Amino acid sequence: MTTYRVRVGFHNPSALTFRQLDEILEQQRFWRTASRSATFRYFMEYEYESEVRDLCEVCELAYSQACKVKRCPLVLVVADAKEEPTSEPIG
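Residues numbered from 1 in each chain as written. Predicted model: local features only at pLDDT ≥ 70, side-chain atom pairs only at ≥ 80, totals over all residues. Heavy atoms only, no water.

## Overview of the nonpolar core
At step 1: Counting residues in hydrophobic clusters, the biggest one holds 19 residues, and the most contacted among them are Val6, Val8, Phe10, Leu21, Phe30, Tyr46 and Val58.
At step 2: Counting only elements with at least two residues in this core, the list comes to strand E1 (2-9), helix H1 (15-27), strand E3 (43-50), helix H2 (55-67) and strand E4 (74-81).
At step 3: Contacts of leucine 21, omitting those with residues within four sequence positions, involve Val8, Phe10, Tyr46, Ala66 and Val69. (Core = buried A, V, L, I, M, F, W, Y, C linked by side-chain atoms within 4.5 Å. Buried < 20%, exposed > 50% of the residue type's maximum accessible area, 1.4 Å probe, protein only. Helix = DSSP H or I, 4+ residues; strand = E, 2+ residues; numbered from the N terminus. Contact = heavy atoms within 4.5 Å.)

## Remarks on the environment of alanine 15
At step 1: Along the chain, alanine 15 turns up in helix H1.
At step 2: Relative accessible area serves as the criterion here: at 47%, alanine 15 is assigned to the partly exposed category.
At step 3: A sequence separation of 27 residues divides alanine 15 from tyrosine 42, and the C-alpha atoms of the two residues are 10.0 Å apart.

## Quick word on the environment of serine 64
At step 1: Here serine 64 lies in helix H2.
At step 2: One polar contact links the side chain of serine 64 to the main-chain carbonyl oxygen of leucine 61, over a distance of 3.0 Å. (Polar contact = N/O pair within 3.5 Å; in protein donor to acceptor, adjacent residues only side chain to side chain.)

## Observations concerning the pattern of salt bridges
At step 1: All chains considered together, the criterion is met by three salt bridges.
At step 2: Residue arginine 7 pairs with glutamate 45 through a salt bridge whose shortest N-O separation is 3.0 Å. You can see arginine 7 sitting in strand E1 and its partner glutamate 45 sitting in strand E3, a full 38 residues away along the chain.
At step 3: We classify glutamate 45 as buried; its relative accessible area is 15%.
At step 4: Between arginine 32 and aspartate 22 there is a salt bridge, with its nearest N and O atoms 2.6 Å apart. Here arginine 32 is found in strand E2 (residues 31-32), whereas its partner aspartate 22 is found in helix H1, with 10 residues between them in sequence.
At step 5: Owing to a relative accessible area of 38%, arginine 32 belongs among the partly exposed residues under this scheme. (Salt bridge = Lys/Arg side-chain N within 4 Å of Asp/Glu carboxyl O.)

Rendered as structure tokens:
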């Protein structure tokens, strides 16, 4: 399972912009991370987990959904692979 951290930002967004983005991305199984910092004004961070989608597909999905809210979003996607613990000894 790969977890993707997705950051979506807009030029001069409003609170309504991010509320609409939350509603659209939630339908696609993106979950907003708990962020209440000063950067909230410009972007919002989400997580997305998938075994079948790759980095490019997640980026395209996030971008296409964000475009439904406001034109020209900035999307940054970072993959964090969750490593499964192994029972094999090291060394």
